[in-house]
Structure formats: structure tokens, C-alpha cells
Amino acid sequence: MNWIRKFMIGRYGTDQLSIALLAVSMIFSILFRIFYSSLLNILSIVLLITIFYRMFSKNIGKRYQENNKFLKYWYPIKNKLNKKMQKMKNRKDYRYYECSGCKQQFRVPKGKGKIIVTCPKCKKTMVKNT
Ligand SMILES: [Zn+2]
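Residues numbered from 1 in each chain as written. Predicted model: local features only at pLDDT ≥ 70, side-chain atom pairs only at ≥ 80, totals over all residues. Heavy atoms only, no water.

**Student:** What am I meant to see in the overall build of the protein here?
**Tutor:** Helix and strand counts for the protein come out as four helices and four strands. Its helices and strands taken in sequence order, the protein reads α-α-α-α-β-β-β-β from the N to the C terminus. Here the C-alpha radius of gyration of the protein, 23 Å, is well above what a compact globule of 130 residues would show, namely 14 Å. Overall, the protein is about 65 × 40 × 30 Å in size when its C-alpha atoms are taken along their principal axes. (Helix = DSSP H or I, 4+ residues; strand = E, 2+ residues; numbered from the N terminus. Rg over C-alpha atoms; globule rule 2.2 N^0.38 Å.)

In C-alpha cells:
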């Protein structure tokens, strides 16, 4: 195992972009098994080569920049997904509404009947069924 450690000194290693590329590569690989499209297989292999190239790259600055560019797009998507997951988890206890004035989203506890809610952002009041 020591030679691996020595080999990896000064090399970039893995990052979030590598993991994302690996996930996409695996999806292509699965799709290839379903559709037998050699294009999918080639794409999957190209992605794997890219991952290894980035892992063993000694141009750490450039790889770091690539990862940052990826994260700039990925984090907003991840946040949206997290919010959706949170809503799914809470859908038994809360009802989600959008303010008719400013589109701000908010939640109210379920099972309280008709209630008057005040938008937390623009203070508009609405009558909602819970
Ligand atoms: Zn509002």
C-alpha cells in the first residue's frame, strides 16, 4: 500500500466532480445494458478515463478550478433537491403554500381547519385550509 501513497503524492485525487462523473458514468453503463447502444458504452468509458486522468493529474490548480465551476452549478440544484426532500418528509404534518403577493413559500401545520396566515416576507394575509 505504501507505493500507492508514494504514487499519489503531488497528485490531485478525488473531489465532488469526480464522484458526479462516476455517477453519470454508472448511469450510462446501466443504460448501455438496457439499450445496447455502443455510444452509451463509449461515453461511460470516456468518463471513467476522465476521472482517472483528473485523479492522477499533477495540475492541482486547474483541477481545483474545474471542481469549483462544477460546484457553482451543483450546489443550487442540491439545495433545491434537499428542500423537495424536506417537503416530502413533512407532507403528513404540514401543508405548503405560496404567497399570492410575493411567491414566498411557507408551511402551515395540517389539521387546524381554516386559518388566517400572514406571509412572513410581505405580511399579506390569506385564508387557507389546513
Ligand atoms: Zn408574500
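Anyway, onward from the coordinates.
**Student:** Whenever I open this one, the coordination of the zinc ion confuses me. Can you help?
**Tutor:** Each pair of donors in an ideal octahedron of six around a metal sits at 90 or 180 degrees, and each pair in an ideal tetrahedron of four sits at 109.5 degrees. Taken together, the protein ligands of the zinc ion are Cys 99 (SG), Cys 102 (SG), Cys 119 (SG) and Cys 122 (SG), with distances of 2.3 Å. Considering all four donor atoms around the zinc ion, the spread of angles at the metal, 107 to 113°, places the coordination shape in the tetrahedral class. The sequence motif formed by the donor residues of the zinc ion is C-x2-C-x16-C-x2-C. Residue Cys 122 is classed as partly exposed on the basis of its relative accessible area, which comes to 36%. (Donors = N, O, S within 2.8 Å, 3.2 Å for Na, K, Ca; no water. Tetrahedral: all angles 85-135°; square planar, octahedral: opposite > 155°, others 65-115°. Buried < 20%, exposed > 50% of the residue type's maximum accessible area, 1.4 Å probe, protein only.)

**Student:** It is not clear to me how the UniProt feature "transmembrane region" (unreviewed entry) in the protein should be interpreted in this structure. Could you clarify?
**Tutor:** Cross-referencing UniProt, the feature "transmembrane region" (unreviewed entry) maps to residues 12-32 and 38-56 in the present numbering. In residues 12-32, the share of helix is 81% and the share of strand is 0%. The end C-alpha atoms are 30 Å apart. (UniProt positions renumbered as here; feature names shortened; annotations may be inferred.)

**Student:** Sorry if this is basic, but what is going on with the side chain of Arg 54 here?
**Tutor:** Tracing the backbone shows Arg 54 in helix H3 (residues 38-55). The buried category is assigned to Arg 54, whose relative accessible area is 3%. At 3.1 Å, the side chain of Arg 54 forms a polar contact with the side chain of Asp 15. Excluding residues within four positions of it along the chain, Arg 54 makes contact with Tyr 12, Gly 13, Asp 15, Leu 17, Ser 18, Leu 21, Arg 63, Glu 66 and Asn 67. (Polar contact = N/O pair within 3.5 Å; in protein donor to acceptor, adjacent residues only side chain to side chain. Contact = heavy atoms within 4.5 Å.)

**Student:** Even after reading the chapter, I still don't get the pattern of salt bridges, so can you show me in this structure?
**Tutor:** A side chain with one charge can pair with a side chain of the opposite charge if their charged atoms come near. Counted according to the given criterion, the structure contains three salt bridges. When the shortest N-O distance is used, the salt bridge between Arg 54 and Asp 15 registers 3.1 Å. Linking Arg 54 in helix H3 with Asp 15 in the loop between helix H1 (2-8) and helix H2 (16-35), this pair joins segments that are 39 residues apart in sequence. Between Glu 66 and Arg 63 there is a salt bridge whose closest N-O contact spans 2.9 Å. Of the two residues, Glu 66 and Arg 63 both sit in helix H4 (residues 60-90), three residues apart, roughly one turn of that helix. On the basis of relative accessibility, which here comes to 27%, the residue Glu 66 falls in the partly exposed class. (Salt bridge = Lys/Arg side-chain N within 4 Å of Asp/Glu carboxyl O.)

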